[in-house]
Amino acid sequence: MAFIGDAGRVDGSWELTIYVTDVQQESTLRVNGDLHIGGVMLKLVQSLDIAQDWSDHGLWWPERNQWLLRPQTTLDQYGVQADCRLTFTPMHKALHVQLPDLQVHNLRVDFSCKCFKAVVKLCKELGISHPEELSLMRKWDREDLKRVAKEVKGHKKKKESGEAPPGQLSPSTSGLNSSSGSIDGRLSPCPSRSPQGPSPTSTLNRSGGTSLTIPGYSPMNGTLSPDSSHNLSFEGSLESSLANSPQVSSKDAFQVLLRPKNLAEKARLNCAWLDSSRSLYEQGVQENDVVMLRFKYFNFYDLNPRYDAVRINQLYEQAKWSLISEEIDCTEEEMMVFAALQFQAQQQTGVPQTPPEEDGVDKGPGPLPVEKDEVGEALADLQSSLEGSSLSSPCGGGSGGGGGGGDLTHIPELADFVKFFKPKKLTLKSYKSYWTTFKDTHLAFYRSQEEASGTPVFKINVKGCEIHPDVNLSTKRYGIKLFVPDTDTDDGMSEIYLRFDTETQYCRWMSACKLASKGRTMCDSSYEAEVSALQTFLAMQHPSSASPSSPPALDPSQVDIHPEDFVAPRFCKKFKTKSLVQRVMEAHANVRTLGLTDAKMAYIKAWQSLPEFGITYFRVRMTNSKKEELIGVASNRVIRMDLHSGDSLKTWRYNVLQSWRVNWENGTVILGFEGQNVTFEPLECSCKTVHEYIGGYIFLSTRATDKSQSLNEELYHKLTGGWS
């Protein structure tokens, strides 16, 4: 109703209703459309007449699912009218955050800023550097995963029958009071929910790890850090609990961890990621909800034990639980090495540790990264570029390709007899031995060494191939699986097996293949480091040879450990407890000299060497195809995969990626490569989620070696926003 003032004229004002969460009451203000948001909040606070710090409060519009945060913007510019109902609520709210080590901390988080910025602030409070590598996920249980699959299936049936799509796909979080945000951003942005309960006071004090009585978390009670009285100042027990997590049994952990049974469920897990470009409130996350802080991008910058203890420990914990929960697969020998490293880390917890040397070089036999000062790195790169490669005869187990490491014209080459097999339908495995050379990024196969100067029988360009190890140390099988792009068709890859006689030979050829798949040759300075790391990891899987200076190996009969806390359940079913303990202790003999941080770093490095490491799966349908497939997004490539077998069908590298964008109308992701567009529709998550992963990896690749660089949030959102 128009208001008539003292002069008897209509002034155009109207009544605006605002709900104040702190006092749980509605307040009515008479406002004009040209009144700015700052003036509305000032007028509201004056009308409340309550002595309180309101500086952390903001206006929330539940109907539009939108924060009104620009103080100079008017009500008319926002579109607020007389029938609108706004909420005046604190922007910082309590949130239960589960860290990678499964500790749950009750923290105060900004619900009004973009999720990316909220994570940056959160990581700063927790002491985790490089927050751009992490993000927040919704806390789901197995029923939520089933619900996602059912709702997607139901949506697909309605779409095929021509019915209108549902308003949103929204798996609840089974008693965790978590949001039921939209699974598919194309269907609905978010539920319009607004808190109507009391909000805590506006203090920004943050409490530490707690034993929460939240449904679904009761098994964890008593295992988490009990101290909740201090702030996050990293003085005392909190810093220690973040850098050295309390031990959690697998029985308790599996109450809150999801264990995917197949590739489809692994892909479904990635529907839980929050949108980095929208605030927590806009995505339905409410006060006292449970969310998970996890490493999202597997491109880790400058892991340095001198100042990164918290980040290294949380990364180690995420790696550990991803292996024990079978989110990432590995072989028996590899699992025993991981178990041994985990046992060594637990043994070293509480033992006084020798601080890392000032030059940053980590000790111990593990494949640990070597950090150098910036001047030293520049000089090393200059020397490498001037001298070429120091490789004189890089092949193992056979003759090399010539000497003269200082010869600028020399190109490193591998040459040896290699067993070759290309599987075909309805044929038995039959390897043939060829004299094989590896030069630049090409494998050339000859019938004999004498014919090597002529035309090869066939030749393979390894650039763009997928490289998977095929190793079994107990049977002395040293093989490589190559997935080579099929030249006959644009889609699909041919599978090729290579087999080697010795471990040294395998390490050198495998390292060369890895570099070649990225378009790099053995001239690269990282080649020898790659060989050394691979040799070290395999050496850990061999029985230990006793050394007089090494501490004595532990007697399995005198060690009280529960193997199910160290190895994945499938190995517990395969072997008896006594046999598992024996094998873990045999592997432990190789790593018993490592310190706490060295053991964690070796664990992370070994985790990074697994074939499935760093591949995030999404269930998709390619354009002009009815078949459901997988898209795997990694730090340097996008992989088209078979949904059931996981075989690579096609690989596209980021170095040939020219554009990536989203078609919001039909919910597809469009990747523009050199001479080819790849278009697909994500089936279980928003197209924005897939696009954000790709753009995020492009963003991480822009990080310079300068450690003093600042985080460019604007560039991150530009690369991940989904627009051209």
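First, a word on scope: everything that follows refers to the structure included in this document. Values in this document were obtained by computation on a predicted structure and should not be read as measured data. (Residues numbered from 1 in each chain as written. Predicted model: local features only at pLDDT ≥ 70, side-chain atom pairs only at ≥ 80, totals over all residues. Heavy atoms only, no water.)

Some points on the packing of aromatic side chains
Convention followed: Paired rings are identified among Phe, Tyr and Trp, the last through its six-membered ring, by centres lying within 6.5 Å, and are further divided according to the angle between planes into stacked (under 30 degrees), edge-to-face (over 60) and tilted (the rest). Remark: a charge is flagged as sitting over a ring if the NZ atom of Lys or the CZ atom of Arg is within 6 Å of the ring centre and within 35 degrees of the ring normal.
For the structure on display, the rule yields 37 aromatic pairs. Each residue in the set Trp273, Tyr297, Phe618, Tyr693 and Tyr697 is aromatic and connected to the rest through ring pairs, giving one cluster. Sitting above the plane of the phenylalanine 254 ring, arginine 259 keeps its charged end 4.6 Å from the centroid. Directly above the ring of tyrosine 693 sits lysine 296, whose terminal nitrogen or CZ lies 5.0 Å from the centroid.

Remarks on helix H15 (residues 596-608)
This is how it is decided: Counting from the N terminus, the helices are the DSSP runs of H or I reaching at least four residues and the strands are the DSSP runs of E reaching at least two. By this rule, a helix spans an expected 1.5 Å times one less than how many residues it contains. Only protein chains enter the accessibility calculation, which uses a 1.4 Å probe; a residue whose area is less than 20% of its type maximum is buried, one above 50% is exposed, and one in between is partly exposed.
Along its 13 residues, H15 runs 19 Å from first to last C-alpha, staying within 8% of the 18 Å computed at 1.5 Å per residue. Among the residues of H15, Leu596, Asp598, Ala599, Lys600, Met601, Ala602, Tyr603, Ile604, Ala606 and Trp607 are the ones counted as buried.

Points about unusual backbone geometry
Backbone geometry places glutamine 24, a non-glycine residue, at a positive phi of 55 degrees. In this fold, glutamine 24 is placed in the loop between strand S1 (14-20) and strand S2 (25-31). With relative accessibility at 43%, the residue glutamine 24 sits in the partly exposed group. Non-glycine residue histidine 130 carries a positive phi angle of around 50 degrees. The residue histidine 130 is located in the loop between helix H3 (115-126) and strand S8 (134-138) in this model. Histidine 130 gets classed as partly exposed once you look at its relative accessible area, which sits at 22%.

Considerations on the pattern of salt bridges
This is how the line gets drawn: Whenever Lys or Arg places a side-chain nitrogen within 4 Å of a carboxyl oxygen from Asp or Glu, that contact is recorded as a salt bridge.
Within the structure shown, the criterion is met by 29 salt bridges. Measuring nitrogen to oxygen at the nearest pair gives 2.8 Å for the salt bridge that ties glutamate 132 to arginine 703. One end of the pair, glutamate 132, is in the loop between H3 and S8; the other, arginine 703, is in the loop between helix H16 (687-701) and helix H17 (713-720), and 571 residues separate them in sequence. In this structure, glutamate 132 and arginine 703 share a single accessibility class: buried. For glutamate 133, the salt bridge is made with arginine 311, and the minimal N-O distance between the two is 3.0 Å. Of this pair, glutamate 133 sits in the loop between H3 and S8 while arginine 311 sits in helix H8 (residues 309-324); the two residues are 178 residues apart in sequence, bridging distant segments of the chain. For glutamate 133, a relative accessible area of 0% gives the class buried. Looking at arginine 311, the relative accessible area reads 1%, which means it is buried. The network of salt bridges with common partners includes Glu132, Glu133, Asp308, Arg311 and Arg703.

Considerations on the pairing of strand S11 (residues 432-439)
What counts here: Paired strands, as defined in this entry, are two strands with at least two bridges between them according to DSSP.
Judged from the eight bridges that link them, strand S10 (residues 413-421) and S11 form a sheet pairing that is antiparallel. Directly across from phenylalanine 417, in S11, lies its bridge partner tryptophan 435. Two elements, S11 and strand S12 (residues 442-446), share five bridges in a ladder whose sense is antiparallel. Bridging from a neighbouring strand, threonine 436 pairs with phenylalanine 445 of S12. What sits between the antiparallel neighbours S11 and S12 is a turn of two residues, in which aspartate 440 has the positive phi angle 55 degrees.

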